[in-house]
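Chains, contacts and geometry: an overview
Read off the chains here:
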Amino acid sequence: MAETQAYTAISEALKALGIEAQNPGTSTGSKSMNGGSLLDSVSPVDGSHIASVTQTTPQEYEQVVQTAQEAFKVWRLMPAPQRGEVVRQFNEELRRLKEPLGKLVSYEMGKSYQEGLGEVQEMIDICDFAVGLSRQLHGLTMHSERPGHRMYEQYHPLGIVGIISAFNFPVAVWSWNTALAWVCGDVCIWKPSEKTPLTGIACQKIAARVFAKNKLPEGISCLINGDYKVGELMTQDERVPLISATGSTRMGKQVAQTVGARLGKSLLELGGNNAIIVTPDSDLKMTVIGAVFGAVGTAGQRCTSTRRLIIHESIYDKVKNALVDAYGQLRIGNPLDEKNHVGPLIDTDAVKNYQKALEKVVEEGGKLIVEGGVLEGEGYESGCYVKPAIAEAENHFEIVQHETFAPVLYLMKYSGDVDNAIALQNGVRQGLSSAIMTNNLREAERFLSVAGSDCGIANVNIGTSGAEIGGAFGGEKETGGGRESGSDAWKVYMRRQTNTINYTTELPLAQGIKFDL
Ligand code: NAD
């Protein structure tokens, strides 16, 4: 395969990141020198084969775990603020390499260059957060019921944190986990998505350089590559006390069972089915911008993408017409070209799922009001570019209940008061992100109340996507219940210990129990 224009544009970025991409267009399914089969990194932007990456074998995995265990013995003894200093240096490197890494994210995954840069910015933000956190891993002290006794809680690192990540946020999700886990004193083994292995290698190289400069063992940050079978090596491994897994609900159910069977801890960040409620008191302009960005941003491949719009019947036609107009202005094409709003889906399997969803919604009685379709011709050779679609649908349709990872937006009406809209919003199996567009205080507060949204994220006059790192991120029900990123999410990466110290010459028992010899 000849090097395409987009490939040439990325080769400088690869060089800056220290990755040598060899032989575009070669090697599928053959074996590498050490016996692991090769994984191809193919860009959905133009179908270019960027490079092949060796899949980790079970023997190599053993070595990685031993390296991580050895590194943990060193890392856990380093004072947390000093670990924070290493994370600060890692962050300096991210700042320096923001553009090439953002470009690689865009090219390997297919999101827009702006979103690629945004993803690296999220890494930078969480590292800043983690540096401050390294001086705030506080435990509580409590008053003992016994005289001359002191009680307090302290937090210790867990050991190895296994990170399994999805293709759509190929670098940010790793850093949400790893920046916090590192300052907590853990070491990490990361299995990135098999669809985006190169961004994983780029991040590992950056981390390895920083650890080497500080004369610290590289095993503090480990990388394994491959598909779900490589992930299973970690989920089954009792030496990995915490598995943080991001991906589909289907994957999360398997991971939860495997990790649960060995009584390990899992932190699950799974699929969403996010809705915006549009009330009669909403601002139409803000609603349209929020809904369109939420539905078509990252080509509908965000866990927080807007999938459903629940619109009051009194304004339904007005909102619908404004959306159809806005969709008419969308530019679809190479995500490295900043003029385009929508890039490709990750691969042609994702395109098939998108097509099936459009067929299914019509079969179930829905109506397409912005017809989709797969784009062909110049610039669309990868076969991964689709037109964002809008369908009128009912919440109970099977396809609406299901997360389709593509730019398909379902419109539905509600009548009466906001409780009816909230019931529809909550009437799905997932519980990640939700939003209400309203200038009515009563409706907004009702939506945020205990009788309101059942999601992990509930926004007012903001769309469903685009969370900040300062808050805890995650969702309920089939979204898995995990929380990552800001707030007190760090606690999941540590084990809590309650300590009671007796500084008297007596040994009184709790609850006043008498035991005299
Ligand atoms: P996926 O479930 O196909 O794969 C995710 C990761 O899990 C990959 O690394 C894969 O190799 C691994 N994996 C799959 N089965 C496994 C198993 N049995 N054991 C161990 N590892 C296994 O998901 P995807 O297509 O890469 O990503 C899209 C999905 O991720 C969507 O459902 C999206 O909503 C979800 N997602 C959720 C969040 C969140 O924070 N809630 C964030 C990003 C993506």
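Residues numbered from 1 in each chain as written. Predicted model: local features only at pLDDT ≥ 70, side-chain atom pairs only at ≥ 80, totals over all residues. Heavy atoms only, no water.

1. Concerning the site of the ligand
Not every one of the 29 residues close to the ligand is listed here, only the nearest: S165, E194, S248, L270 and E403. Measuring from a nitrogen atom of the ligand, one finds a backbone N or O atom of L270 at 2.8 Å. In the model, an oxygen atom of the ligand is placed 2.6 Å from a nitrogen or oxygen of the E403 side chain. Protein burial of the ligand: of its 850 Å² of free accessible surface, 93% is covered by the chains. When residues of the shell around the ligand are traced back to their parent elements, those giving at least two are α8 (228–235) and α9 (249–261). At 4 residues, α9 tops the list of elements feeding residues into the shell around the ligand. (Near = heavy atom within 4 Å. Polar contact = N/O pair within 3.5 Å; in protein donor to acceptor, adjacent residues only side chain to side chain. Areas by Shrake-Rupley, 256 points an atom, 1.4 Å probe, with all protein chains shown as cover. Helix = DSSP H or I, 4+ residues; strand = E, 2+ residues; numbered from the N terminus.)

2. Looking at the sheet that holds strand β9 (residues 265–269)
Pairing is parallel across the open sheet formed by 5 strands, whose spatial order is β7-β6-β5-β8-β9. Edge positions in the open sheet fall to β7 (221–223) and β9, since each of these has one partner strand only. Each neighbouring strand pair of the sheet contributes to a mean axis angle of 15 degrees, computed without reference to strand direction. Here strand β6 (residues 187–191) pairs with β7 via 3 bridges, running parallel. Note that in β7 the partner of I189 across the bridge is C222. Packed on one face of the sheet, helix α2 (residues 58–75) meets β5 (160–164), β6 and β7 and runs near 150 degrees to β6. Of the strands in this sheet, β6 and β7 touch helix α7 (residues 197–213), which is tilted by about 150 degrees from β7. (Pairing = 2+ DSSP bridges. Axes fitted to C-alpha atoms, helices over the stretch in contact; angles between N-to-C directions. Contact = heavy atoms within 4.5 Å.)

3. Quick look at the sheet that holds strand β3 (residues 141–142)
The sheet built from 3 strands is open, its strands ordered β3-β4-β21 with antiparallel pairing. This sheet does not close on itself; its edge strands, each paired only once, are β3 and β21 (494–502). Bridge count between β3 and strand β4 (residues 149–157): 2 bridges; the pairing is antiparallel. Looking across to β4, one finds that M142 is bridged to M151.

4. Focus on the UniProt feature "domain: Aldehyde dehydrogenase" (unreviewed entry) in the chain
UniProt's entry tags residues 39–498 with the feature "domain: Aldehyde dehydrogenase" (unreviewed entry), counted in the numbering of this structure. In this annotation, residues 39–498 is assigned 40% helix and 20% strand; the end-to-end C-alpha distance for the span is 46 Å. (UniProt positions renumbered as here; feature names shortened; annotations may be inferred.)

5. Digging into the pairing of strand β11 (residues 306–312)
A large share of β11 lies buried, amounting to 7 of its 7 residues. Bridge count for strand β10 (residues 274–278) against β11 is 5 bridges, and the pairing is parallel. Counterpart to V278 in the pairing with β11 is I311. Note that β11 and strand β14 (residues 408–414) share 5 bridges and pair parallel. Paired with I310 across the two strands is M412, which belongs to β14. (Buried < 20%, exposed > 50% of the residue type's maximum accessible area, 1.4 Å probe, protein only.)

6. Here's the deal with the UniProt feature "active site" (unreviewed entry) in the chain
Sequence positions flagged by UniProt for "active site" (unreviewed entry) are, in local numbering, E269. Residue position: E269 is located in strand β9. What makes E269 buried here is its relative accessible area of 5%.

7. Some details on helix α3 (residues 80–96)
Taking 1.5 Å per residue as the helical rise, α3 with its 17 residues ought to reach 24 Å, and the 25 Å between its terminal C-alpha atoms agrees with that figure. When α3 is considered as a whole, its buried residues turn out to be A80, R83, G84, V86, V87, Q89, F90, N91, E93 and L94. (Expected span 1.5 Å × (residues − 1).)

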